[in-house]
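As a plain string of letters, each chain reads:
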Amino acid sequence: MSMERTNLLNMAKLSIKGLIESALSFGRTLDSDYPPLQQFFVVMEHCLKHGLKVKKSFLGYNKSLWGPLEMVEKLCPEAGEIAASVRDLPGLKTPLGRARAWLRLALMQKRLADYLRLLITRKDLLSDFYDNSAVMVEEEGAVIVGLLVGLNVIDANLCVKGEDLDTQVSQRPSLHSSVHGLQGRVDNLEKSNSKLIEELAIAKNNIIKLQEENHQLRNENTIILIKAQQQLEVTQVDVDVELDTYKQSRQGLDEMYNEARRQLREECQLRQDVENELVVQVSMKQEMDLAMKLLEKDIHEKQDTLIGLRHQLDEVKAINVEMYTKMQTSDDGMKQKNDIITRLEEKTNQITATMKQLEQRLQLETDLKIEKEWRQTLQNDLERERDIVAQLSAEAQQINGLKKEFHRLQDENSQLKGICEEQEQALEELGCKLSEYLSILNSFDGGQVWLKDKDATHCKLCEKEFSISRRKHHCRNCGEIFCNACSDNELPLPASPKPVRVCDTCHALLLQRCSSNAT
């Protein structure tokens, strides 16, 4: 029943809307033969018949519309005139014919919406004639009555006396076909609405899934950050412990050096212990050197990828420039072709004007032949101009395709720029990590404080700016940062028996010390 109510409501909406639009465009009073008006009365009859109770009579069971419409006379005294005139009509023999006449007279009075509103407000009276699931009892009846208010702008002059309203439906099968057509349109609209609802539900489910995946990724990111912080704390604690042990061992070595003459035997044993510790430290340094080499390899590989990405960016920029030039040329071509089209249109207007003049002037048979030849030539010219217009439209479509490709290339360019920025950020993070590892190595070497990579932008000696080709190098003696040219020296230090990188100034100072000690 709910589907029937919605179908009737949609049919009523379509018929009322069509009647109002056609009547306003018609521009005069409507008569009984107007097709949209006949369609409206058929739809209203179906709406009023929906859910009618079957009543007994002497002839059998029947459904009558006249019963509920006759009750309007009791609710509104102004409706008494319509009821009296319907009863006085001589040609009406059935209650259905009286109900149809009543609807037409109420429409002529422009009070149809008011009368039906009074009727649907009295549910106690409607329950005697309609079921509980009828259209006039449910909310759909109130909506239909609200739509009927718009019919007050229509002027109708309907002759009720001459029409056979008792058998009107059987004589007009076209109205039933129009009603079935309206029902088909309503069904199609409902199907499309259901499809749209299903697509909305699928889209909502996809959004929910994406939100859940985003939440999971955020949780995993927080867990990874927490683990990384814990690992950093553990490594810091280990480094502090190793520093303390190294300081204690160095103090012991100083005391042993002061008391070397008294405790020669103990010194030998302690030297053996220190040598064992040095072996362990050398192995640790070798492992750190291997890790540094691996990190440098990764940095070089990422630098190569950055160079490749920059080449791709240059290629994309060149493609963008070519596309932009093509767009400019295509725009100029479009302007020229539009000018040609306007000229052709002016020519066609002139040709049509000359044709009209020729039709007015030439009346003889000999002139008619000449006119026919002119028309054929003009038609050929028009066909050529149409072909030219079609070609111009095809070229315009090609230009639109080029514009789409240009926008797509711009999007790819922006994506490549984002990837380059991410790679540069990754390189900066690797540089920070390398500086941290180098600071740890420095703490093992001699306890000197190394300068951080972030604090140095130029070489301390030659004052040249660092870049991807000119890399940063720490001096193992003073801890400052130099370029490769200014730190291309290696000497053994007290903290490391193997030769390590030293800057030019430290190299000269260490050589002077060695020469003075030798003398």
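Because the structure is predicted, anything quoted here is derived from the model rather than measured.

Engineer: I keep staring at the overall build of the chain and nothing clicks. Help me out?
Structural biologist: Check the secondary structure of the chain and you find 14 helices and six strands. Counting across all 519 residues of the chain, residues that qualify as buried make up 28%. Considering only contacts in the chain between residues 6 or more positions apart, those separated by 24 or more positions represent 65%.

Engineer: Even after reading the chapter, I still don't get the nonpolar core, so can you show me in this structure?
Structural biologist: Residues L37, F40, W102, L116, L148 and L151 are the most contacted members of the largest nonpolar core, which totals 58 residues. The set of elements that each furnish at least two residues to this core consists of α1 (2-26), α2 (35-49), α3 (66-70), α5 (80-88), α6 (95-109), α7 (112-121), α8 (123-126) and α9 (139-148). The greatest single-element share of this core, amounting to eight residues, is contributed by α1. Beyond its immediate sequence surroundings of up to four residues, F40 is in contact with S15, I16, L19, L107, L112, L148 and L151. With 14 residues, the next largest nonpolar core counts C475, L491, V502 and L510 among its residues.

Engineer: What is the right way to read unusual backbone geometry from this model?
Structural biologist: Comment: phi is negative for the bulk of residues other than glycine, and the bulk of peptide bonds are trans. For K110, which is not a glycine, the phi torsion comes out positive at approximately 65 degrees. In this fold, K110 is placed in the loop between α6 and α7. A residue is classified by how much of its surface remains accessible, and K110, at 31% relative accessible area, is partly exposed. Phi is positive for E463, which is not a glycine, with a value near 60 degrees. In this structure, E463 sits in the loop between α13 (365-445) and β3 (473-474).

Engineer: Honestly, the packing of aromatic side chains in this entry has me stumped. Any pointers?
Structural biologist: Scanning all chains against the criterion turns up two aromatic pairs. Aromatic side chains F40 and F41 sit 5.6 Å apart centroid to centroid with 50 degrees between the ring planes, which places their arrangement in the tilted category. Between W102 and Y115, the aromatic rings sit 5.9 Å apart at their centres with planes inclined by 45 degrees, giving tilted as the arrangement. Of this pair, W102 sits in helix α6 while Y115 is found in helix α7, placing the two residues 13 residues apart along the sequence. Here W102 falls in the buried class, since its relative accessible area comes to 1%.

Engineer: Honestly, a negative patch on the surface in this entry has me stumped. Any pointers?
Structural biologist: Together, D238, D240, E242 and D244 give the surface a local cluster of negative charge. Along the chain, D238 falls in helix α11 (residues 173-258). Under the relative-accessibility criterion, D238 is labelled partly exposed at 40%.

Engineer: Any chance you could explain the confidence of the model for the chain here in plain terms?
Structural biologist: Predicted coordinates in areas of low pLDDT are best not read in detail. Averaged over all residues, the pLDDT of the chain equals 80, while 87% of them reach at least 70. Every residue in residues 169-175 scores below 50 in pLDDT, and together they form eleven contacts with partners more than four places removed in sequence or on other chains.

Engineer: Mind showing me how you'd approach the pairing of strand β6 (residues 496-502) here?
Structural biologist: On a regular strand, one side chain projects to one face of the sheet and the next to the other, so that they alternate. Bridge analysis of strand β5 (residues 489-493) against β6 gives five bridges, and the strand direction is antiparallel. The partner of E490 across the bridge, within β6, is R501. The antiparallel pairing of β5 with β6 creates a hairpin that spans two residues between the two strands.

Engineer: How should the pattern of salt bridges be read in this particular structure?
Structural biologist: Opposite charge on two side chains makes pairing possible when the charged atoms of those side chains draw close. All told, the structure shown has 14 salt bridges when counted by the stated rule. Across the pair E70 and R87 runs a salt bridge, and its minimum N-O distance is 3.1 Å. Of this pair, E70 sits in helix α3 while R87 sits in helix α5, and the two are 17 residues apart along the sequence. Of the charged contacts, one joins D124 and R122 as a salt bridge, the two residues approaching to 3.3 Å between their closest N and O atoms. Assessed through its relative accessible area of 45%, D124 is described here as partly exposed. Overall, the relative accessible area of 34% leaves R122 in the partly exposed class. Salt bridges sharing common partners tie together E78, R111, D114 and R117.

Engineer: Sorry if this is basic, but what is going on with the packing of α2 against α6 here?
Structural biologist: Think of two packed helices as two axes; the pair is described by the angle between the axes and how far apart they sit. The contact between α2 and α6 brings their axes to 11 Å, and the two run at 120 degrees. Here α2 is positioned oblique relative to α6, judged by the angle of their axes. Between α2 and α6 lies a crossing of right-handed hand. Between α2 and α6, the residues in contact are L37, F40, F41, E45, L48 and K49 and L96, R100, L103, R104 and L107, respectively. The class makeup of the residues in the contact of α2 with α6 is seven nonpolar, no polar and four charged.

Criteria and thresholds
Residues numbered from 1 in each chain as written. Predicted model: local features only at pLDDT ≥ 70, side-chain atom pairs only at ≥ 80, totals over all residues. Heavy atoms only, no water. Helix = DSSP H or I, 4+ residues; strand = E, 2+ residues; numbered from the N terminus. Buried < 20%, exposed > 50% of the residue type's maximum accessible area, 1.4 Å probe, protein only. Contact = heavy atoms within 4.5 Å. Core = buried A, V, L, I, M, F, W, Y, C linked by side-chain atoms within 4.5 Å. Phe/Tyr/Trp six-rings, centres within 6.5 Å; stacked < 30°, edge-to-face > 60°. Patch = residues over 30% accessible without salt bridge, like charges linked within 9 Å, V, L, I, M, F, W, Y side chains within 5 Å. Areas by Shrake-Rupley, 256 points an atom, 1.4 Å probe, with all protein chains shown as cover. Salt bridge = Lys/Arg side-chain N within 4 Å of Asp/Glu carboxyl O. Lys, Arg positive; Asp, Glu negative; His and termini not counted. Charge placed at Lys NZ, Arg CZ, Asp CG, Glu CD. pLDDT = per-residue confidence, 0-100. Pairing = 2+ DSSP bridges. Axes fitted to C-alpha atoms, helices over the stretch in contact; angles between N-to-C directions. Parallel < 35°, antiparallel > 145°, perpendicular 65-115°, else oblique. Left-handed = near helix turned anticlockwise from the far one by under 90°. Nonpolar A, V, L, I, M, F, W, Y, C, P; charged D, E, K, R; others polar.

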